[in-house]
Amino acid sequence: MVADTLSIPLDSVEAEGEVATAPRPVHIAAGTLRPDTVAAQRITVSGLRGGRPLLRFRATWYCTTDLDRAWDVRATGWHVTVDGDAPLDVDLRFPVPLDRMAAMSPSYTANRAVNAVPILCEASPGIRSTADLPHIVARLG
């Protein structure tokens, strides 16, 4: 969808996944992760052209930063890296104590979808992507 929106032709799309384990017990709201059990997962989706990655999205979900692999994970937030003519390296941290993160984190992903409901209800029938929708902001009041 990103390539289509930017009018960048791709030859193919590839996806791969990997996991990391906890080297010691990790206590989370859902229970305790035992050592050597999965504590993180990462998926990488690459859009290829000419046999080389042109666009890449990598998402890492984790229960602890103490992993058996040297993944660059932070206490909270998102890390966005853009390589290209105008490179960027941005860290977005969530200013919420870890003991409140479970209550707050759904808002980071759900708000855009919830705020899109009125726009989609007004739209003609059919499937819509983010590229098809206007800029979505909360309707206050």
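For the structure, check the block above.
Keep in mind that what you see is a predicted model, and the values were worked out from it rather than measured.

*Asks:* Can you walk me through the packing of aromatic side chains in this structure?
*Replies:* Aromatic ring pairs are defined here through the distance separating the ring centres and the angle between the ring planes. A complete count under the given rule lists 3 aromatic pairs for this structure. Pairing W78 with Y108 gives two aromatic rings, centres 6.0 Å apart and planes at 75°, and the pair type is edge-to-face. In this pair, W78 sits in strand β6 (residues 78-82) while Y108 sits in helix α2 (residues 98-122), placing the two residues 30 residues apart along the sequence. For the ring pair F94 and Y108, a centre distance of 3.8 Å and an interplane angle of 15° mean the geometry is stacked. Of this pair, F94 sits in the loop between β7 (88-92) and α2 while Y108 is found in helix α2, placing the two residues 14 residues apart along the sequence. Judged by relative accessible area, F94 falls into the buried class, the value being 13%.

*Asks:* What exactly am I supposed to notice about the pairing of β7 here?
*Replies:* A regular strand carries its side chains on alternate faces of the sheet. With 5 bridges connecting them, β6 and β7 associate as antiparallel partners. Residue pairing for β7: T81 is matched across the bridge by D89.

*Asks:* I tried to follow unusual backbone geometry on my own but got confused; where do I start?
*Replies:* Keep in mind that most residues, glycine aside, have a negative phi and that most peptide bonds are trans. Backbone geometry places S7, a non-glycine residue, at a positive phi of 55°. Within the element layout of this structure, S7 appears in the loop between α1 (2-5) and β1 (12-21). Note on S7: relative accessible area 63%, which makes it exposed. A positive phi angle, close to 70°, is found at D36, a residue other than glycine. Here D36 lies in the loop between β3 (31-33) and β4 (38-49). The class of D36 is exposed, set by a relative accessible area of 64%.

*Asks:* Help me understand the pattern of salt bridges, please; the structure alone is not making it clear to me.
*Replies:* Any two side chains of opposite charge can pair, given that their charged atoms come close. Considering all chains together, one arrives at 4 salt bridges under this definition. Among the ionic pairs, E18 bridges to R69, the shortest N-O distance being 2.9 Å. Separated by 51 residues along the polypeptide, E18 in strand β1 and R69 in the loop between β5 (52-62) and β6 bring together distant segments of the chain. A relative accessible area of 27% places E18 in the partly exposed class. A salt bridge links D66 to R24; the shortest N-O distance between them is 2.8 Å. Within this pair, whereas D66 is found in the loop between β5 and β6, its partner R24 is found in the loop between β1 and β2 (26-28), the two being separated by 42 residues in sequence. Taken together, the shared-partner salt bridges in this structure form one network comprising D72, R74 and D91.

Thresholds applied
Residues numbered from 1 in each chain as written. Predicted model: local features only at pLDDT ≥ 70, side-chain atom pairs only at ≥ 80, totals over all residues. Heavy atoms only, no water. Phe/Tyr/Trp six-rings, centres within 6.5 Å; stacked < 30°, edge-to-face > 60°. Helix = DSSP H or I, 4+ residues; strand = E, 2+ residues; numbered from the N terminus. Buried < 20%, exposed > 50% of the residue type's maximum accessible area, 1.4 Å probe, protein only. Pairing = 2+ DSSP bridges. Salt bridge = Lys/Arg side-chain N within 4 Å of Asp/Glu carboxyl O.

Purely geometric stuff here, so don't read any function into it on its own.
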